[in-house]
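Fold and contact review
Chain by chain, the residues:
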Amino acid sequence: MGLTMRACYKGALEYDFGYGRMFSLRETIAKEVLKDKFYVYTEWLKTNHKTPKDELSKICENLRKAVGLSVYSFLTQSDCDGKLTLKEVKDIYEKIKDSKANLSLCYGAWYDEESDKDFINLLEDCIEHKRGLKWF
């Protein structure tokens, strides 16, 4: 079972990949945006249903402040059904467009150096067509 990520228009560039790749993509984006404050994201990842609500609220607010609303939206939405507005896409793109990190959406067997920019290419496709991004 996997997911598909694509721009919100017919015939859009799209990628199919697994949930592990989605986790890695989010982690990479968090590292790129947070840099030496990456611990804010890992602290959020450690929360669960037993985390007291006031503590959870504080942790979420720290993450939101550290990464901004757009990246926060991307990091915290459901793995299997999420979307970003064009404004959020543009904001994330501006924060990671010059990244040298591996933002590939390919399975390992299909990986090549061109794949490193898959997610950035997808964001550019959304911007070019003035559409948001969705995954399902």
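A short tour of the structure in this document, coming up. Since we're looking at a predicted model, the values are computed, not measured. (Residues numbered from 1 in each chain as written. Predicted model: local features only at pLDDT ≥ 70, side-chain atom pairs only at ≥ 80, totals over all residues. Heavy atoms only, no water.)

Brief notes about the pattern of salt bridges
Opposite charge on two side chains lets them pair, provided their charged atoms get close. Spelled out, the test is: By definition, a salt bridge exists where a carboxyl oxygen of Asp or Glu is found within 4 Å of a side-chain nitrogen of Lys or Arg.
Following the criterion strictly, the structure yields 5 salt bridges and no others. Between arginine 6 and glutamate 14 there is a salt bridge; the shortest N-O distance is 3.6 Å.

What about the packing of helix 3 (residues 53-67) against helix 4 (residues 69-76)?
Quick note on the threshold: Note on definitions: angles span 0 to 180 degrees between N-to-C directions of axes, and those axes are lines fitted to C-alpha atoms, for helices only across the stretch in contact. Helix and strand definitions here come from DSSP, where helices need a minimum of 4 consecutive H or I residues and strands a minimum of 2 consecutive E residues; each element is numbered from the N-terminal end. An angle counts as roughly parallel when it lies under 35 degrees, as roughly antiparallel when it exceeds 145, as roughly perpendicular when it falls between 65 and 115, and as oblique in every other case. Working rule for handedness: look at the near helix, and if it is turned counterclockwise from the far one by less than a right angle, call the crossing left-handed; if clockwise, right-handed. Here, residues are in contact when the closest pair of their heavy atoms is within 4.5 Å. Under the convention adopted here, Pro, Cys and the residues Ala, Val, Leu, Ile, Met, Phe, Trp and Tyr are nonpolar, Asp, Glu, Lys and Arg are charged, and Gly plus all remaining residues are polar.
It is at 6 Å that the axes of helix 3 and helix 4 come closest, and there the two elements cross at 130°. In this view, helix 3 runs oblique relative to helix 4, as classed from their interaxial angle. Judged by the twist between their axes, the crossing of helix 3 over helix 4 is right-handed. Residues Cys60, Leu63, Arg64 and Val67 of helix 3 form the contact with helix 4, whose participating residues are Leu69, Val71, Tyr72, Leu75 and Thr76. The residue makeup of the contact of helix 3 with helix 4, split by class, is 7 nonpolar, 1 polar and 1 charged.

Some thoughts on the pairing of strand 2 (residues 14-17)
Note the cut-off: Whether a residue is buried, partly exposed or exposed follows from its accessible area with a 1.4 Å probe, protein chains only, as a fraction of its type maximum: under 20%, in between, or over 50%, in that order. By definition, two strands form a pair when at least two bridges between them are found by DSSP.
Residue alternation in strand 2 divides its side chains into a buried set, Tyr15 and Phe17, and an unburied set, Glu14 and Asp16. Here strand 1 (residues 3-7) pairs with strand 2 via 4 bridges, running antiparallel. Residue pairing for strand 2: threonine 4 is matched across the bridge by aspartate 16. From the end of strand 1 to the start of strand 2, which pair antiparallel, there are 6 residues, and glycine 11 there has a positive phi angle of about 80°.

So, the sheet that holds strand 1
Taken in spatial order, the 4 strands line up as 2-1-4-3 in an open sheet, and their pairing is antiparallel. A strand with exactly one partner marks an edge of an open sheet, and here the two such strands are strand 2 and strand 3 (82-84). Each adjacent strand pair in this sheet contributes to an overall mean axis angle of 10°, direction not counted. As defined by bridge partners, strand 1 adjoins strand 4 (residues 133-135) across 3 bridges and the pair is classed as antiparallel. Looking at strand 4, one finds that arginine 6 is bridged to lysine 134. Most of the contacts of helix 4 go to strand 3, to which it runs at about 165°, and overall it touches strand 1, strand 3 and strand 4. In this fold helix 5 (residues 86-96) packs onto strand 3 and strand 4, with an angle of close to 75° to the strand it touches most, strand 3.

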